[in-house]
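# Examination of the molecular architecture
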Amino acid sequence: MTGDRIALAVHDHGGDGPPLLLLHGARRTLADWAAVAPLLVPRHRVLAVDLRGHGLSPSGTWDFHHVLGDIEAVLEEYGIPGALPVGHSLGGMIAARYAVDHWDVTPGAVNLDGFGWGRPDQYVGLDPVYVEERLTGVRKAAASVSGERLPTDGLRELLAQQRAMSEELGIPYELLEAAALRSVREGPDGRLEVRPEREFALEMLDAVDSLDLFALFHQVPVPLLLGRALRPGRSIPGMEWFDELMTAYAKGLARDLAELAQQRADVTVAGIDATHEMLLENPRAVADAILAFTSETIPGSAA
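What counts as what
- Here the residue numbers are simple positions, counted from 1 along each chain's written sequence.
- With the structure being a predicted model, the display of local features is reserved for residues of pLDDT at least 70 and the display and counting of side-chain atom pairs for 80 or more, all residues being used for whole-chain, interface and lining totals.
- Working from all heavy atoms in the structure, the side-chain values ignore hydrogens and water.
- A 1.4 Å probe that fits into a set of points on a 1 Å grid over the protein atoms alone but cannot get out defines a cavity; an open set with protein on both sides within 12 Å along at least five of seven lines defines a pocket, and lining residues are those with an atom within 4 Å of a point.
- Grid points are joined across faces, edges and corners, and a volume is the space filled by probe spheres set on the points.
- The secondary structure listing takes helices from DSSP runs of H or I that are at least 4 residues long and strands from runs of E that are at least 2 residues long, numbered from the N terminus.
- The residue classification treats Ala, Val, Leu, Ile, Met, Phe, Trp, Tyr, Cys and Pro as nonpolar and Asp, Glu, Lys and Arg as charged. All others, Gly included, are polar.
- Here, any two strands with at least 2 DSSP bridges between them count as paired.
- Between N-to-C directions, angles span 0 to 180 degrees; the directions come from axes that are lines fitted to C-alpha atoms, helices contributing only their stretch in contact.
- For our purposes a nonpolar core is just a set of buried Ala, Val, Leu, Ile, Met, Phe, Trp, Tyr and Cys residues, chained together by side-chain atoms within 4.5 Å.
- Only protein chains enter the accessibility calculation, which uses a 1.4 Å probe. A residue is then buried if its area is under 20% of the maximum for its type, exposed if over 50%, and partly exposed in between.
- Only heavy atoms matter for contacts: two residues are in contact if any of them lie within 4.5 Å across the pair.
- Criterion for a salt bridge: a side-chain nitrogen of Lys or Arg within 4 Å of a carboxyl oxygen of Asp or Glu.
- UniProt positions are given in the numbering used here, feature names are shortened, and annotations may be inferred rather than shown by experiment.
- Here the arc refers to the set of directions running from the helix axis out to each C-beta atom.
- By the criterion used throughout, a crossover qualifies as right-handed when its path from the first strand across the helix to the second strand runs clockwise, the strands pointing away from the viewer.
- Polar contact criterion, stated in full: a pair of N or O atoms within 3.5 Å, where within protein one must be able to donate a hydrogen and the other to accept it, and residues adjacent in sequence count only if both atoms are side-chain atoms.

A few words on the layout of surface pockets. In this approach a probe as big as a water molecule rolls over the atoms, and the regions it shows empty are the leftover space. When its volume is computed, the second largest pocket comes out at roughly 230 Å³. Forming the walls of the second largest pocket are 14 residues, and the residues nearest its centre are Trp117, Gly118, Arg119, Leu211 and Leu213. Looking at the lining of the second largest pocket, the elements that each hand over two or more residues are helix H7 (198–209) and helix H8 (213–219). Of the residues that constitute the lining of the second largest pocket, the class distribution is seven nonpolar, three polar and four charged.

This part covers the sheet that holds strand E1 (residues 10–14). Pairing within the open sheet is mixed, and its seven strands lie in the order E1-E3-E2-E4-E5-E8-E9. Unpaired on one side and paired on the other, E1 and strand E9 (267–272) mark the two borders of the sheet. Strand after strand, the sheet turns through a mean of 15 degrees between neighbouring axes, direction not considered.

Bringing the nonpolar core into the picture now. Core analysis: the biggest nonpolar cluster contains 51 residues, and Leu23, Trp62, Ile71, Ile94, Tyr123, Phe217 and Leu226 have the highest contact counts within it. Sequence-distant contacts of leucine 23, defined by excluding residues within four places in its chain, comprise Trp33, Val49, Leu51, Ile71, Pro85, Val86, Gly87, His88, Gly91, Ile94 and Ala95. With 27 residues, the next largest nonpolar core counts Leu20, Val86, Ile272 and Ala274 among its residues.

Moving on to unusual backbone geometry. Put simply, arginine 195 and proline 196 share a cis peptide bond, and its omega is 0 degrees. Examined against the element boundaries, proline 196 turns out to sit in the loop between strand E7 (192–194) and H7. Positive phi values are uncommon outside glycine, yet aspartate 113 reaches one of about 60 degrees.

As a further point, take the pattern of salt bridges. Tallying each qualifying case throughout the model produces 20 salt bridges. Of the charged contacts in the structure, one is a salt bridge between arginine 234 and glutamate 168, with a shortest N-O distance of 3.0 Å. Remark: glutamate 168 occurs in helix H5 (residues 154–169) and arginine 234 occurs in the loop between strand E8 (224–229) and helix H9 (242–263); sequence separation between them is 66 residues. For arginine 234, a relative accessible area of 31% puts it in the partly exposed group. Among the salt bridges present, the one from arginine 284 reaches aspartate 288, with a minimum N-O distance of 3.3 Å. With arginine 284 and aspartate 288 both in helix H11 (residues 283–297), this residue pair falls four residues apart, about one helical turn. The class for arginine 284 is partly exposed, based on a relative accessible area of 43%. The exposure class assigned to aspartate 288 is partly exposed, which follows from its relative accessible area of 38%. Within the structure, one salt-bridge network assembled from shared partners comprises Arg149, Arg185, Glu193, Arg195 and Glu197.

Moving on: the pairing of strand E3 (residues 45–49). Counting buried residues in E3 gives five out of five residues, a clear majority hidden from the surface. Note: E1 against E3, four bridges, orientation antiparallel. Paired with histidine 11 across the two strands is alanine 48, which belongs to E3. The pairing of strand E2 (residues 19–23) with E3 spans five bridges and is parallel. Within the sheet, the bridge partner assigned to leucine 21 lies in E3 and is leucine 47.

UniProt records the feature "domain: AB hydrolase-1" (unreviewed entry) for residues 20–289 in the present numbering. The distance from the first to the last C-alpha atom of residues 20–289 is 14 Å, and the span holds 46% helix and 13% strand.

Moving on, we come to helix H6 (residues 173–182). Of all the residues in H6, the buried ones are Tyr173, Leu175, Leu176, Ala179 and Ala180. An end-on view of H6 places all buried positions within 160 degrees of arc, on one side of the element. As for H6, its buried residues are in contact with H5, strand E6 (184–186) and helix H10 (278–281).

Next up on the list: the pairing of strand E4 (residues 84–88). The buried fraction of E4 amounts to five of the five residues, a majority that puts the element mostly inside the structure. Burial along E4 is two-sided: Leu84, Val86 and His88 facing one way and Pro85 and Gly87 facing the other are all buried. Looking at chain direction, E2 and E4 are connected through four bridges and run parallel. Residue leucine 23 lies in a different strand from E4, and its bridge partner there is glycine 87. Once the chain exits E4 it traverses helix H3 (residues 90–101) before rejoining the sheet at strand E5 (residues 109–112), and the crossover so formed is right-handed.

Mapping asparagine 111 onto the fold places it in strand E5. Residue classification places asparagine 111 among the buried residues on the basis of a relative accessible area of 0%. Only 3.5 Å separates the side chain of asparagine 111 from the backbone oxygen of glycine 92, close enough to count as a polar contact. The contacts of asparagine 111, once residues within four sequence positions are left out, are Gly87, Ser89, Gly92, Met93, Phe217, Leu225, Leu226 and Gly227.

What follows is the structure in structure tokens.
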């Protein structure tokens, strides 16, 4: 750690073209990019990082100021300050924030399904008061599992969940296993815990909730790709209403993204034939969307 910055864990995928920096989602790691990155390398220099508190990176205060400082440090170290940030979920929000602050060097930004829970009025056909009540429950549930300690047989259960996801979504199990194992570490008491630790995970959730994402998208002064999952996510046991909620949100999100793209010629909206787990589920579609965007955005990146 140097000042407010943390030395992030980095995977250098190589490549000689215009640089890209890959950013993962909350409670995930750079392992999520394992199937996408090789598809980008023929046309780009590609780095992936574990965000602070995730994977093999150290922990520290979690807010966007500190996170952006970590990214700046990585790009300075590798001599590529003008890398285009490509993020999934939380990483996509960070990519957009980075572009706002670094518009003078960053040629663009990519946000893949990083839309959070949105606003109650984006849930088409549902009463906003009802939506807010449900979202409060969702946020409480997310907070309750943040920084969770696994029971004695918890790792076996965690990997069993990855096996079930592999079978349901057609994701190679080895990708899910690698991602899950990189997300856990042994805590002070010897029990395994899912990173980030609870203190920092709660800070992260607060930082995300503080964002007005569509206001942020309007502020991005460089070309912006917004990728949206076209398939519904997995159902959550005990939350029978969740599917209805997400169906309504998908309609509102599609509407608002289309309106944004109409208002700004430098905003591209791309549908990805996958669920939110798109990096692992359909890496080719993700890579194709990124490459189509960079070929239009960055000189010298077209095939």
